[in-house]
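Coordinate inspection notes
Next come the chains, spelled out residue by residue.
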Amino acid sequence: MAVFGIWLGALLTLCIYSFLYKDNPLYKFAEHVYVGISAGYFVAAEFHNVVLPNLWNPLTTNFAHKYYLIIPGVMGLLVFFAFSRKHNWLLRFPISMVVGMGAGLSVTAFLSTDVLAQTQATLIPMNSLNNFLLVLGVLATLVYFFFSAEHKGFIGAGAKLGVWYLMIAFGAAFGYTVMARISLLIGRMQFLLGDWLHILK
Amino acid sequence: MKTFLERLTRIDRRWIFLAMGLTVALALLINVKLPMTVSGDVKQAYDLLEKLPEGSPVLFSWDYDPGSMPELYPLSAAMLRHAMRRNLKVVMMGHWVTGTPLIEKQVSEVIRTEYPGKVYGRDYVNLGYKSGQAVLVVTMAKSIADAFPQDYYKNRTDTLELMKQVKSLKDMGAVVSFSAGDPGLIMWIQFAWQRFGVPVTGGCTAVSAPEFSAYLQSGQLVGLMGGMRGAAEYEVLVDHPGAASTGMSAQSLAHFLIVGFILVGNIAFFLTRKKEEK
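Quick caveat, the model's predicted, so the values are computed rather than measured.

Some thoughts on the overall build of chain A
Along chain A, the regular secondary structure elements total 6 helices and 0 strands. Counted from the first residue to the last, chain A has its helices and strands arranged as α-α-α-α-α-α. A compact globule built from 201 residues should have a C-alpha radius of gyration of about 17 Å, whereas chain A, at 27 Å, is more than 25% larger. Projecting the C-alpha coordinates of chain A onto the three principal axes gives extents of approximately 70 × 60 × 35 Å.

Take a look at the structure:
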């Protein structure tokens, strides 16, 4: 069975890589298989890992103590009204709950993590070249995104410096992206040459 | 000469793909060994696990799927190996549904093979996958058993020996996330560290590594392993070279090839443009 899996994986990998030559039916086949299997797997996994242990089992075995589980259960069922033209307005209840809860959790988390903590980390003494460059870079980049004043004179110079900082950041990000893509190629090569063809040392 | 330069500027990209594929394949086949240095960020993450008292519980979160395996699988293996060697108690889970089987694969390859004395339920626990993202983390801070009533093998979580001692996320010595995106490392920083004060470390795909530099700088993240390189450095630290160390040599040669292509392409472009101007 394991050998069959490896052969299947190898053939599907080659199907996907055939896109590098040109778009073709083999690539499309592998792409559709991937999307279909992922979706099917997701539904089954959600049912067995979430619906059964967190909702169905407590409700059927220990119902007396967990009445509140009925609320998310009903909310979850309301999602299926998406398929009804007449009653699809009921879908608004679970969606509003998810959006409200998501926003409530993420706003406070984002403010404390990405705004306050990051601002605090920039308020540092400029007693080293590193610290000086960090503070200068943050200020210059902010100046670049300040559009209420014309980018001339002092502000223009600051904006230009900001562009340089942005370019360095984009360059680093691009370098890392190249590294990531090659890593994926290496991973597939290790699979094809090692697990499939057994010619790697 | 002119024709050759013009040809270089109009080279079909399929030749570049072929050259790249052959370079990587040859580097892997010949098994080229290039030197590797360990960066401060990776050492910081290593030290976090190294300095935890023996027997401390740590949470390992597999927040990736097979698509990011080449970068994150060797890292999770190296960190799991380190935790087992240090006799840390490992609680494993995952936020990515298609990544859950990878936990089981790793348990089988690292723990059952190399540390057969480790007992499931006492030394390590696999809680498996659960959706909910931030809500799940907040619930775990209240009670892990509420968030995960049963583990991956359908045992009741509150009956496992380790989980009797580790009732909440706040009991963890550290959280380690192997992150390929969202939900992943950022979510653990936002909730486990910022809200509940649990130290967070982990690895991410190379694409998202620059994004995490800010969290590293601000001290919200204790060390970071970026991509395959981070994994290879960790393999050096635990003295167990694996897939990442082998892959890094191919990675370096591929980078040389790209730099070569960029230089040749630009030289050809400028030379042909100069001749056209004349």
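Quick word on the packing of aromatic side chains
As enumerated under the stated definition, the model contains 13 aromatic pairs over all chains in all. For the pair Tyr120 of chain B and Tyr124 of chain B, a centre-to-centre distance of 5.3 Å together with 80° between the ring planes defines the contact as edge-to-face. Pairwise contacts between aromatic rings join Tyr120, Tyr124, Tyr152 and Tyr153 of chain B into one cluster. Between Arg14 of chain B and the ring centre of Tyr21 of chain A, over which it is positioned, the NZ or CZ distance is 4.7 Å.

Some points on a nonpolar patch on the surface
All names here are of chain A. A contiguous nonpolar patch, built from Val107, Phe110, Leu111, Val115 and Leu116 and spanning about 440 Å² of accessible area, is present on the exposed surface. By the element assignment, Val107 lies in helix H4 (residues 92–122). According to the relative accessible area criterion, Val107 is partly exposed, its value standing at 48%.

Quick notes on the pairing of strand E5 (residues 200–204) of chain B
Residue and element names in this part refer to chain B. The element E5 is largely enclosed, with a buried count of 5 among its 5 residues. Alignment of strand E4 (residues 174–179) against E5, held across 5 bridges, turns out to be parallel. From the neighbouring strand, Ser179 faces E5, where its bridge partner is Cys204. On the question of chirality, the crossover connecting E4 to the parallel E5 by way of helix H9 (residues 185–193) is right-handed.

Notes on the side chain of Ser177 of chain B
Residue and element names in this part refer to chain B. Within the fold, Ser177 resides in strand E4. In terms of polar contacts, Ser177 uses its side chain to reach the side chain of Asp63, at 2.7 Å. Filtering out sequence-adjacent residues up to four positions away, Ser177 remains in contact with Ser61, Asp63, Gly184, Leu185, Trp188, Thr201, Gly202 and Gly203.

Thoughts on the interface of chain A and chain B
Chain A puts 45 residues into the contact, and the matching count from chain B is 52 residues. Carbon and sulfur atoms make up 67% of the surface buried where chain A meets chain B, a total of about 3,900 Å² over both sides. Between chain A and chain B we count 0 salt bridges in total. On inspection of chain A and its partner chain B, the count reaches 15 residue pairs in polar contact (both at pLDDT 80 or more). For the side of chain A that touches chain B, the elements supplying multiple residues, two or more each, are helix H2 (25–61), H4 and helix H6 (153–196) of chain A.

Considering the sheet that holds E5 of chain B
Residues and elements named next belong to chain B. The 6 strands are arranged E3-E2-E1-E4-E5-E6 in an open sheet whose pairing can be described as parallel. Lying at the two open borders of the sheet, with one neighbouring strand each, are strand E3 (124–129) and strand E6 (225–226). As defined by bridge partners, strand E2 (residues 89–94) adjoins E3 across 4 bridges and the pair is classed as parallel. Paired with Val91 across the strands is Val125, a residue of E3. Docked against the sheet, H9 engages strand E1 (57–63), E2, E4 and E5, running at close to 175° with respect to E5.

Structural notes on helix H1 (residues 2–17) of chain A
Residue and element names in this part refer to chain A. Taking 1.5 Å of rise per residue, 16 residues should cover 22 Å, and H1 covers 22 Å from first to last C-alpha, within 8% of that figure. Among the residues of H1, those classed as buried are Ala10, Thr13 and Cys15. For H1, the elements touching its buried residues are H2 and H6.

Some words on the pattern of salt bridges
For side chains of opposite charge, pairing can occur when their charged atoms come near one another. All names here are of chain B. Applying the stated criterion across every chain, the model contains 12 salt bridges over all chains. The partner of Arg81 in a salt bridge is Glu114, with the nearest N and O atoms 2.8 Å apart. Of the two residues, Arg81 is situated in helix H4 (residues 69–85) and Glu114 in helix H5 (residues 100–114); the sequence distance between them amounts to 33 residues. Its relative accessible area of 33% is what places Glu114 among the partly exposed residues. The partner of Asp123 in a salt bridge is Lys89, and the shortest N-O contact between them spans 3.0 Å. Of this pair, Asp123 sits in the loop between H5 and E3 while Lys89 sits in strand E2, and the two are 34 residues apart along the sequence. The class of Asp123 is buried, set by a relative accessible area of 6%. Judged by its relative accessible area of 17%, Lys89 falls in the buried class. Connected through shared salt-bridge partners, Lys89, Arg122 and Asp123 make up one network.

Looking at the nonpolar core
Residue and element names in this part refer to chain B. Ranked by size, the top nonpolar core spans 56 residues in total, and within it Leu49, Phe60, Trp62, Met79, Val90, Met92 and Tyr234 carry the most contacts. Counting residues per element, this core draws most heavily on H4, at 9 residues. In this structure Met79 touches Leu49, Phe60, Val176, Phe178, Thr201, Met225 and Tyr234, once residues within four positions along its chain are discounted. Counting 38 residues, the second largest nonpolar core, distinct from the first, contains Leu59, Val125, Ala134 and Leu162.

What about the confidence of the model for chain B?
For chain B, per-residue confidence averages 94 on the pLDDT scale, and residues scoring 70 or more make up 99% of the total. Complex prediction metrics read pTM 0.92 and ipTM 0.92.

Here we look at the packing of H4 of chain B against H5 of chain B
A packed helix pair is summarised by two numbers, namely the angle formed by the two axes and the spacing between the axes. Residues and elements named next belong to chain B. The N-to-C vectors of H4 and H5 enclose an angle of 40°; their axes lie 10 Å apart at closest approach. Comparing their axes, H5 and H4 come out oblique. Along this stretch, H4 crosses H5, giving a crossing that reads as right-handed. Between H4 and H5, the residues in contact are Met69, Tyr73, Ser76, Ala77, Leu80, Arg81 and Met84 and Leu102, Lys105, Gln106, Glu109, Val110, Ile111 and Glu114, respectively. Taken together, the residues of the contact of H4 with H5 break down into 8 nonpolar, 2 polar and 4 charged.

Conventions and cut-offs
- Residues numbered from 1 in each chain as written.
- Chains lettered and ligands numbered in written order.
- Predicted model: local features only at pLDDT ≥ 70, side-chain atom pairs only at ≥ 80, totals over all residues.
- Heavy atoms only, no water.
- Helix = DSSP H or I, 4+ residues; strand = E, 2+ residues; numbered from the N terminus.
- Rg over C-alpha atoms; globule rule 2.2 N^0.38 Å.
- Phe/Tyr/Trp six-rings, centres within 6.5 Å; stacked < 30°, edge-to-face > 60°.
- Lys NZ or Arg CZ within 6 Å of the ring centre and 35° of its normal.
- Patch = residues over 30% accessible without salt bridge, like charges linked within 9 Å, V, L, I, M, F, W, Y side chains within 5 Å.
- Areas by Shrake-Rupley, 256 points an atom, 1.4 Å probe, with all protein chains shown as cover.
- Salt bridge = Lys/Arg side-chain N within 4 Å of Asp/Glu carboxyl O.
- Buried < 20%, exposed > 50% of the residue type's maximum accessible area, 1.4 Å probe, protein only.
- Pairing = 2+ DSSP bridges.
- Right-handed = clockwise from strand over helix to strand, strands pointing away.
- Polar contact = N/O pair within 3.5 Å; in protein donor to acceptor, adjacent residues only side chain to side chain.
- Contact = heavy atoms within 4.5 Å.
- Buried area = accessible area lost by both parts, 1.4 Å probe.
- Axes fitted to C-alpha atoms, helices over the stretch in contact; angles between N-to-C directions.
- Expected span 1.5 Å × (residues − 1).
- Core = buried A, V, L, I, M, F, W, Y, C linked by side-chain atoms within 4.5 Å.
- pLDDT = per-residue confidence, 0-100.
- Parallel < 35°, antiparallel > 145°, perpendicular 65-115°, else oblique.
- Left-handed = near helix turned anticlockwise from the far one by under 90°.
- Nonpolar A, V, L, I, M, F, W, Y, C, P; charged D, E, K, R; others polar.

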